Amino acid sequence: MKKPEDLRSARWFAPDDLRSMGHRSRAMQMGLSEEDWEGKPVIAIVNTWSDLSPCHHHLRDRAEHVKRGVLQAGGMPAELPVHSFSEQFLKPTSMLYRNMGAMEVEETLRAHPVDGVVLLGGCDKSTPALIMGALSAGLPFIFLPAGAMLRGNYAGQKLGSGTDIWKYWDERRAGAIGKEEWMGVQGGIARSYGTCMTMGTASTMMSIAEGFGLTLPGASSIPAPDAGHKRMAAACGRRIVEMVWEDLTPSKIVTRAATANATAAAMATGCSTNAIIHLIAMARRAGIAWGLDDLDAIGHRVPVLANIRPSGKEYLMEDFFYAGGLPALMKEMGDLLDTSAMTVNGRTLGENIAGAENYNDDVIRPLANPVYHEGSLAVLRGNLAPDGAVIKPAAMDPRFQVHSGPAIVADSYPDLKKIINDPDYPMTPDHVLVLRNAGPQGGPGMPEWGMIPMPQALLKQGHRDMLRLSDARMSGTSYGACVLHVAPESFIGGPLALIRTGDIIELDVPNRSLNVRLTEEELARRRAAWRAPPPRFERGYGWMYTKHVEQADKGCDFDFLRTEFGAPVPEPDIF
């Protein structure tokens, strides 16, 4: 157990010298007194609230409940704002800023008199950014998930974030619904603060945080407007003070076993394809070698148990919470998890889920009756994706899992829109729509353009799925036969850059292969003729991003932020 003189913040406040006197006097300038900090852990509440982050709109209030818990446990709370990661409003994509946010978190924690941390986030990139930065900082921390919003509703129908937007947009473009219905969906699909209530990237990443053991039990499943969410916030405040005294640091929690648990839990939820990129990046920040082969191996043996859209057919996150949430799902997983893994409450995963109950076995399926017989995601390789690509078999028309067809290639999103919005474009459902120059550097930032809308030419014929291929990502709320994250990306000369309209694309999901029917000699000729496009940025953060971002198979982190890049950063000097 730590003693007060061992606290990191004591370096700022305890010495009887000029510099520490300055720290104490400036704390008093804010109305504090020695009783607030002396012998007490300083707890940072890292908050991603902003007026342009609807998913986090309640986190200003939740920070107050965290403070209440910190004070109850004898700590000193200090709220520190960071980037808000607004998925809806941040352009060209929030993924461009994930690593910047992780850097901000790491440096904010290191530079301030902080002993422990509660991280407040949930919208897609906020969870990995916060956790990546906190892992690199190395201080005890708890993640408080923002929680999902309430179910959407229009004309008596449940609406799921993102998933139903895509569905109704296709119906509108097909002429099946009019503007009045479209506006009704717009007004009913987001009825409260909180993240998407489908098993999109936000719910996936919050579940992964709990799978890692970085949240208190059940925290990832509580709906944002539920009163229990406020109580969970206070509980996080109380527990982080105990963690500081116990010196329960992330290195004791985020182990290889915990990473496997987080991956397995994600697969069982029917997770977003974005989970792959973020899981790899988070594990690597903890010094754990974790890659596509590890993810695919777990995907082969862990079935989808959460019957939640888009992989499921009926239910949403609110239903998942009422059925028992992630603890109930993990208990159903049984031997697929390492229950000896330590978690932030000081207990093992097995101890945390021992009393969990499944209150609805259609929402949370038992292993004997899964939603899908394998995990949510599959990793593909071949001459089109030597470093890998990703697909979500549970959320696509099964007839496309083994498919070959001629490519229709778009070099940019504007080019793609011309194709998909042309009601007379010559194509069949057997064609393969290819979008390139949408990866980490090409996008830039690997936007969620991979859920390529169905072409009008096929919609009017009644078709609702086709094989689509890109080096982009897609929203976790999306669905369809979409191959994503093709690596290396086309912008840097990956094989996708060499494809031409008419080339035959071959997909075989059961055998995990993705190829173009071309000889190595022909590919070599095309490669020799390929010319690199001009850079997306010539100054500023974007320039730094393109110089240092890694490819999708490595988690899209900056190369210089890898744990093995250099010696650990020392504590700041105080002179």
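Heads up: these notes are all about the structure in this document. (Residues numbered from 1 in each chain as written. Predicted model: local features only at pLDDT ≥ 70, side-chain atom pairs only at ≥ 80, totals over all residues. Heavy atoms only, no water.)

### Topic: the packing of aromatic side chains
Part 1 of the argument: One pass over the full model with this rule turns up nine aromatic pairs.
Part 2 of the argument: Between Phe-558 and Phe-560 the ring centres are 5.4 Å apart and the planes differ by 25°, which places this aromatic pair in the stacked class.
Part 3 of the argument: Look at Phe-558 and you get buried, because its relative accessible area is 0%.
Part 4 of the argument: Phe-560 sits in the partly exposed class, given a relative accessible area of 25%.
Part 5 of the argument: An aromatic cluster is built from Tyr-97, Tyr-541, Tyr-545, Phe-558 and Phe-560, whose rings are joined through pairwise contacts.
Part 6 of the argument: One Lys or Arg, Arg-11, reaches over the ring of Trp-12 and ends 5.7 Å from the middle of that ring.
Part 7 of the argument: The residue whose ring lies beneath Arg-60 is Trp-49, and the NZ or CZ to ring-centre distance is 3.9 Å. (Phe/Tyr/Trp six-rings, centres within 6.5 Å; stacked < 30°, edge-to-face > 60°. Buried < 20%, exposed > 50% of the residue type's maximum accessible area, 1.4 Å probe, protein only. Lys NZ or Arg CZ within 6 Å of the ring centre and 35° of its normal.)

### Digging into the pairing of strand β9 (residues 402–410)
Part 1 of the argument: Summarising the sheet, β9 and strand β13 (residues 504–508) pair through five bridges and their orientation is antiparallel. Note that in β13 the partner of His-403 across the bridge is Leu-507.
Part 2 of the argument: Of the pairings in the sheet, the one linking β9 to strand β10 (residues 432–435) comprises four bridges and is parallel in character. Bridge assignment links Ala-407 to a residue of β10, and that residue is Val-432. (Pairing = 2+ DSSP bridges. Helix = DSSP H or I, 4+ residues; strand = E, 2+ residues; numbered from the N terminus.)

### What to know about the sheet that holds strand β4 (residues 141–145)
Part 1 of the argument: The strand order β2-β1-β3-β4 describes an open sheet built from four strands, whose pairing is parallel. Unpaired on one side and paired on the other, β2 (76–81) and β4 mark the two borders of the sheet. With direction set aside, neighbouring strand axes in the sheet form an average angle of 20°.
Part 2 of the argument: Bridge analysis of strand β1 (residues 42–47) against strand β3 (residues 116–121) gives five bridges, and the strand direction is parallel. (Axes fitted to C-alpha atoms, helices over the stretch in contact; angles between N-to-C directions.)

### Things to note about helix α17 (residues 413–420)
Turn by turn, an α-helix covers 3.6 residues, leaving residues three or four places apart pointing in a common direction.
Part 1 of the argument: Turning to α17, its buried residues number three or more, namely Tyr-413, Leu-416, Ile-419 and Ile-420. Taken down its axis, α17 places every buried residue within 110° of arc, on the same side. Summarising the geometry of α17, the exposed residues directed more than 90 degrees from the buried face are Pro-414 and Lys-418. (Arc of directions from axis to C-beta.)

### What about the pattern of salt bridges?
Part 1 of the argument: Summed over the entire model, instances satisfying the criterion amount to 39 salt bridges.
Part 2 of the argument: One salt bridge connects Lys-125 with Glu-448, and the closest N-O pair in it is separated by 3.8 Å. In this pair, Lys-125 is assigned in the loop between β3 and α6 (126–137) and Glu-448 in the loop between β10 and α18 (456–459), connecting sequence segments 323 residues apart.
Part 3 of the argument: When the shortest N-O distance is used, the salt bridge between Arg-562 and Glu-550 registers 2.7 Å. Highlighted residues: Arg-562 in the segment after α20 (540–548) and Glu-550 in the segment after α20, separated in sequence by twelve residues.
Part 4 of the argument: Residues joined by salt bridges that share partners form a network here, namely Glu-87, Asp-124, Lys-125, Glu-448 and Arg-473. (Salt bridge = Lys/Arg side-chain N within 4 Å of Asp/Glu carboxyl O.)

### Details of the nonpolar core
Part 1 of the argument: Of all hydrophobic cores here, the largest spans 100 residues; its most connected members are Leu-329 and Met-333.
Part 2 of the argument: The greatest single-element share of this core, amounting to nine residues, is contributed by helix α10 (residues 227–246).
Part 3 of the argument: The contact partners of Met-333, leaving out residues within four places of it in the chain, are Ala-264, Ala-265, Ala-268, Val-302, Leu-305 and Leu-367.
Part 4 of the argument: With 27 residues, the next largest nonpolar core counts Ile-391, Phe-400, Leu-469 and Val-509 among its residues. (Core = buried A, V, L, I, M, F, W, Y, C linked by side-chain atoms within 4.5 Å. Contact = heavy atoms within 4.5 Å.)

### Describing unusual backbone geometry
Part 1 of the argument: Of note, the bond from Lys-91 into Pro-92 is cis; its omega dihedral lies within 30 degrees of zero at 5°.
Part 2 of the argument: Mapped onto the elements, Pro-92 comes out in the loop between β2 and α5 (98–111).
Part 3 of the argument: Look at the link from Arg-309 to Pro-310: it is a cis peptide, with omega at 10°.
Part 4 of the argument: With respect to the helices and strands, Pro-310 occurs in the loop between α13 (292–301) and α14 (317–323).
Part 5 of the argument: Positioned with a positive phi, Met-446 is a non-glycine residue whose angle comes to about 55°.
Part 6 of the argument: The exposure class of Met-446 is buried, given its relative accessible area of 1%.

### A short note on the environment of His-58
Part 1 of the argument: Counting through the fold element by element, His-58 comes out in the loop between β1 and α4 (59–72).
Part 2 of the argument: A sequence separation of 89 residues divides His-58 from Gly-147, and the C-alpha atoms of the two residues are 10.0 Å apart.

### Examining the packing of α6 against helix α12 (residues 274–285)
Part 1 of the argument: Direction vectors running N to C along α6 and α12 enclose 15°, while the axes themselves pass 9 Å from each other. As summarised for this structure, α6 and α12 are arranged roughly parallel, according to the angle between their axes. Remark: the crossing between α6 and α12 carries left-handed chirality. Listed contacts from α12 to Pro-128, Ile-131, Met-132, Gly-133, Leu-135 and Ser-136 of α6 are His-278, Ala-281, Met-282 and Arg-285.
Part 2 of the argument: Here the contact of α6 with α12 is built from residues that sort into six nonpolar, three polar and one charged. (Parallel < 35°, antiparallel > 145°, perpendicular 65-115°, else oblique. Left-handed = near helix turned anticlockwise from the far one by under 90°. Nonpolar A, V, L, I, M, F, W, Y, C, P; charged D, E, K, R; others polar.)

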